[in-house]
Amino acid sequence: MLTSLLVIVLALLASRLLVRLLGRRVAQRFRRPSLTRTALRGIRVGVYVLALLTIMGIYGLGIGDIGLSVAVFSAVVGVVVAPIVGSFISGVFLLADQPYEIGDMIELADRGQRGFVEDITLRHTKVFTLDNTFLVIPNGSMRDRDVVNYSAEDPRTRLSLDVLVTYESDIAEARKLVERAARDVDNVIEGGPNIRVGAARYPAAPTAYINEFGDHGVLLTLRYWVTEPYKLLASRSKVQTNVWDALDDADVEIAYPHSHLFFDETSGEMQVSLSESDAGPGPSPGAQFPDERDAE
């Protein structure tokens, strides 16, 4: 028993020592935090397996002595080991495909939750959400989800804002004011070289386009880039506040759904009569309202 405890203690010390000695070299070799952590975990597991085999040898046991029968082993693999093996395989594919990395900001499309990838193992992925909660998701489930990565390769994110102004407004002035309102926000890129997305290039500076001539006004679409994806809602709110203030001080009116009614000789007439019981304290049945003549 003392010998077994000594082997366990030596295995713990050896695993820590190897991680300290090889940690920097492994990190330089893989250059990815997820692969580095996985490799270091593999070193620890290898030391523990060697310690287990040593303890088995102390008690005179071999690998064949603890083997199960074929039927029992098949049942264990089918019921218990298969999901675990599937999760490990999914973890290997995640590490190979690199859909996200430790530190990336991702969004689970089916749940609408955003967060930062805290850790990636062969079995699960840990996500630290923006609501200060932890999500531990099996890798098999992560591979079946639509994951939006906001910080992979290029953390810059483009947002858009629709502004509907009236036809009587100065459209050219409205476009300038909207673009200037976005540039005044700290997190918004003011200008510079065009930003490449795939084979296309888009203006880096905020740009307001005439999107549509609608029923109630001219629809302007503002597109702008933010430097970091971590505070998208705050950046959008600041831009909208600046746009509201800028248009309110200028000769530009934000449109809203409304209707105008016109009456002429072709509109027809409507006969209205009041009974004595319904008249009440109001005007008599033959009384004429002040604007009744205008309505006719």
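Quick note: structure is the one above.
Remember, predicted model here, so these are calculated numbers, not experimental data.

**Student:** I keep staring at unusual backbone geometry and nothing clicks. Help me out?
**Tutor:** Negative phi values dominate among residues other than glycine, just as trans dominates among peptide bonds. The phi dihedral of Asn132 falls on the positive side, at around 65 degrees, and the residue is not glycine. Its location among the elements puts Asn132 in the loop between β3 (124–129) and β4 (134–138).

**Student:** I tried to follow the pattern of salt bridges on my own but got confused; where do I start?
**Tutor:** For side chains bearing opposite charge, pairing can occur when the charged atoms are close. A complete count under the given rule lists one salt bridge for this structure. With a closest N to O distance of 3.3 Å, Arg114 and Glu107 form a salt bridge. Looking at Glu107, the relative accessible area reads 15%, which means it is buried.

**Student:** I tried to follow the pairing of strand β2 (residues 113–120) on my own but got confused; where do I start?
**Tutor:** Looking down a regular strand, the side chains alternate between one sheet face and the other. Both strand β1 (residues 105–108) and β2 contribute to a ladder of four bridges, which runs antiparallel. In the strand pairing of β2, Ile106 is matched with Gly115. Taking the residues between adjacent antiparallel strands as the criterion, β1 and β2 are bridged by four residues, where Gly112 takes a positive phi near 65 degrees. Note that β2 and β3 share five bridges and pair antiparallel. Its bridge partner lying in β3, Gly115 is registered against Thr129. Hairpin connection from β2 to β3: three residues lie between these consecutive antiparallel strands.

**Student:** Where do I start with the sheet that holds β1 in this structure?
**Tutor:** Neighbouring strands of a sheet are bound in pairs by backbone hydrogen bonds; such pairs are parallel or else antiparallel. Taking strand neighbours across the sheet as the criterion, the five strands line up as β4-β3-β2-β1-β5 in an open arrangement whose pairing is antiparallel. Pairing within the sheet leaves two strands with one partner each, and these edge strands are β4 and β5 (147–149). Neighbour-to-neighbour, the strand axes of the sheet open up by a mean angle of 40 degrees, direction not taken into account. As paired strands, β1 and β5 are joined by three bridges and run antiparallel to one another. Within the sheet, the bridge partner assigned to Ile106 lies in β5 and is Asn149.

**Student:** Would you mind going over the sheet that holds strand β6 (residues 157–165) with me for this structure?
**Tutor:** Taken together, three strands build an open sheet; the order of strands is β6-β10-β9 and the sheet is antiparallel. Single-partner strands in this sheet number two, and they are β6 and β9 (207–213). Sheet twist, expressed as the average angle between the axes of neighbouring strands with direction ignored, equals 25 degrees. Two strands pair when backbone bridges link them, and β6 and strand β10 (residues 218–226) are joined in this way by nine bridges, in the antiparallel orientation. Opposite Ser160, over in β10, you have Arg223 as the bridge partner.

**Student:** Quick question: what am I supposed to make of the packing of aromatic side chains here?
**Tutor:** Any two aromatic rings considered together are summarised by their centre-to-centre distance and by the angle between their planes. Going through the model one piece at a time under the given rule, you end up with two aromatic pairs. Here Phe116 and Tyr230 contribute two aromatic rings whose centre-to-centre distance is 5.4 Å and whose plane-to-plane angle is 45 degrees, an arrangement assigned as tilted. Remark: Tyr230 occurs in the loop between β10 and α6 (232–248) and Phe116 occurs in strand β2; sequence separation between them is 114 residues. On the numbers, 5.0 Å between centres and 70 degrees between planes, the contact of Phe128 with Phe134 is edge-to-face. Lying over the aromatic face of Tyr202, Arg158 brings its terminal NZ or CZ to 4.4 Å of the ring centre.

**Student:** Would you explain helix α5 (residues 171–183) in this entry?
**Tutor:** Along an α-helix, residues three or four positions apart point the same way, because every turn accommodates 3.6 residues. Here α5 contains 13 residues, and its C-alpha end-to-end distance of 19 Å stays within 8% of the 18 Å for a straight helix at 1.5 Å per residue. Every buried residue belonging to α5 is among Ile171, Ala174, Leu177, Val178, Glu179, Ala181 and Ala182, and all of these are buried. Looking at the buried positions of α5, the neighbouring elements they touch are β6, β9, β10 and α6. In this structure Asp170 caps α5, since a side-chain oxygen of it lies 3.4 Å from the backbone nitrogen of Ala172.

**Student:** Explain the pairing of β4 here, please?
**Tutor:** Alternating positions in β4 separate cleanly, Leu135 and Ile137 being buried on one face and Phe134, Val136 and Pro138 remaining unburied on the opposite face. Sheet topology note: the β3/β4 ladder contains five bridges and is antiparallel. Following the sheet pairing, Val127 is matched in β4 by Leu135. Count of turn residues in the β3/β4 antiparallel hairpin: four residues, of which Asn132 carries a positive phi of about 65 degrees.

**Student:** Hey, could you run me through the packing of α5 against α6 in this one?
**Tutor:** A pair of packed helices can be characterised by two numbers: the angle between their axes and the separation between those axes. Where α5 contacts α6, the axes come no closer than 8 Å and their chain directions differ by 140 degrees. Comparing their axes, α6 and α5 come out oblique. Here the hand of the crossing between α5 and α6 comes out right-handed. Residues Ala174, Leu177, Val178, Ala181 and Ala182 of α5 pack against Val239, Asn242, Val243, Ala246 and Leu247 of α6.

**Student:** Before we go on, may I ask you to explain the side chain of Thr121 in this structure?
**Tutor:** Structurally, Thr121 can be placed in the loop between β2 and β3. Residue contacts for Thr121: discarding those within four places in its chain leaves Arg41, Gly91 and Asn139.

**Student:** What is the right way to look at the nonpolar core in this model?
**Tutor:** General note: in soluble globular proteins, nonpolar side chains tend to be found buried as a group. In this structure, Val165, Leu222, Tyr224, Val239, Val243 and Leu247 are the most contacted members of the largest nonpolar core, which totals 25 residues. For this core, the elements supplying multiple residues, two or more each, are β6, α5, β10 and α6. For this core, the element with the most residues is α5, which contributes six residues. Excluding residues that lie within four positions of it along the chain, Tyr224 makes contacts with Thr157, Arg158, Leu159, Ser160, Val188, Pro206, Arg236 and Val239. Residues Leu95, Ile102, Ile106 and Leu108 belong to the second largest nonpolar core, which totals twelve residues.

Calculation rules
- Residues numbered from 1 in each chain as written.
- Predicted model: local features only at pLDDT ≥ 70, side-chain atom pairs only at ≥ 80, totals over all residues.
- Heavy atoms only, no water.
- Helix = DSSP H or I, 4+ residues; strand = E, 2+ residues; numbered from the N terminus.
- Salt bridge = Lys/Arg side-chain N within 4 Å of Asp/Glu carboxyl O.
- Buried < 20%, exposed > 50% of the residue type's maximum accessible area, 1.4 Å probe, protein only.
- Pairing = 2+ DSSP bridges.
- Axes fitted to C-alpha atoms, helices over the stretch in contact; angles between N-to-C directions.
- Phe/Tyr/Trp six-rings, centres within 6.5 Å; stacked < 30°, edge-to-face > 60°.
- Lys NZ or Arg CZ within 6 Å of the ring centre and 35° of its normal.
- Expected span 1.5 Å × (residues − 1).
- Contact = heavy atoms within 4.5 Å.
- Polar contact = N/O pair within 3.5 Å; in protein donor to acceptor, adjacent residues only side chain to side chain.
- Parallel < 35°, antiparallel > 145°, perpendicular 65-115°, else oblique.
- Left-handed = near helix turned anticlockwise from the far one by under 90°.
- Core = buried A, V, L, I, M, F, W, Y, C linked by side-chain atoms within 4.5 Å.

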